[in-house]
Every structure is written in C-alpha cells, then in structure tokens.
Amino acid sequence: MRLSARVDYALRAVAELASVTGAGRGRPVTADQIARAQQIPPKFLESILLQLRRAGVVQAQRGPEGGYWLARPAEEICLAEVIRVIDGPLAHVRGQRPEHLGYQGAARALQEVWIALRASERQILELVTVADVARGTLPEPVTKLVADPGAWT
C-alpha cells in the first residue's frame, strides 16, 4: 500500500488537532502551529486543510483568534475517511476500482486478490480512529499485527 504525501500530512494534521483541541474543545489551532508541530510544509497544509474542511472533517474560523479544530469527536473520525477525502477510494489498480477490472485466464484470480486487499485495508483503516492515533493506543487487532516481527520487513 502506498500513501501519498498529502494523505500522510492530512493524517498527521488531524492527529495533531485531536491531541490539542479535541472536537471544539480549547482554542483553534492555526495552520502554522500544525505545520510546525508536524513538520509539514505550510502552503501544502493549507490546501489539505481546505479539503478536510469542505468534507466536514475539520472546521475553521478566520481572524486573530482563528484556526482549525475537528468538526466531530476524534473517536468518530476513522483513518479511512481522511484518506478518502484526500485521495479518493481505497485500493485502485491502474486508477480503477478492482471490481471493474477484467482479468483472463491464469490471471483471473488477481481481481479477487485486489478486492481482498482492499477489504483488509478497510478493516484496519476503518477500525483505527484519529483519537486512537493521537492517544497512541491502537486497537488490539492492529497491535497484534504490529507485534509480528515480519510486519516490519
């Protein structure tokens, strides 16, 4: 699985917001504060935050007391949602959804492999919330996978 820099930055930004503001708690956080805390290029982050705002993941306020905060509790925002907002649907093959591919002969089973891969990605990415990441306490199925030394290579 490959994640774009935009997705990586978006996930880091929402985790930072979850750790600092929660859902509407505390003062809004500026894009510059998020960029510094997560070492994200500020201009790049601005466009990512705009996408997240349009999708209802974050809210924003302009002005001297302005900034960003999560639109909903971090427990209600899964990683898959953020990824879909930034990059679209999970698991594409050559830009197409796996169920729309047609393989022939000996390669026919590849379509099912890609669908199974997408399903396993969904299981993890829809299970893990922004709150889990911000707290550093991942769900047990994820920690079990990470505990396998083979997962790291």
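Described in the following lines is the structure provided in the data block. For every chain, the first residue of the written sequence is number 1, and numbering continues from 1 onward in sequence order. In keeping with the predicted nature of the model, local features appear solely for residues at pLDDT of at least 70, side-chain atom pairs appear and are counted solely at 80 or more, and the whole-chain, interface and lining totals rest on all residues. The basis for every side-chain value is the complete set of heavy atoms in the structure, and neither hydrogens nor water enter the calculation.

### Topic: the pairing of strand 2 (residues 67-70)
Only protein chains enter the area calculation, which uses a 1.4 Å probe; residues under 20% of their type maximum are buried, those over 50% are exposed, and those in between are partly exposed. Under the scheme used here, helices are H or I runs from DSSP no shorter than 4 residues and strands are E runs no shorter than 2 residues, and both carry numbers assigned from the N terminus. Residue alternation in strand 2 divides its side chains into two sets, Gly-67 and Trp-69 and Tyr-68 and Leu-70, and both sets are buried. Connecting strand 1 (residues 58-61) to the antiparallel partner strand 2 that follows it, the hairpin turn spans 5 residues, and Gly-63 within it adopts a positive phi of roughly 105°. Two strands make a pair as long as DSSP finds a minimum of two bridges between them.

### Here we look at the pattern of salt bridges
Close approach of charged atoms allows side chains with opposite charge to pair. Basic side-chain nitrogens of Lys or Arg form a salt bridge, by our definition, when they fall within 4 Å of a carboxyl oxygen of Asp or Glu. For the coordinates displayed, the defined rule picks out 7 salt bridges. For Glu-65, the salt bridge is made with Arg-27, and the minimal N-O distance between the two is 3.1 Å. Here Glu-65, found in the loop between strand 1 and strand 2, pairs with Arg-27, found in the loop between helix 1 (5-20) and helix 2 (31-38); they are 38 residues apart in sequence, far enough to count as distant. Glu-65 sits in the partly exposed class, given a relative accessible area of 46%. The partner of Arg-72 in a salt bridge is Glu-81, and the shortest N-O contact between them spans 2.5 Å. Via salt bridges that share partners, Glu-75, Asp-132 and Arg-135 belong to a single interconnected network.

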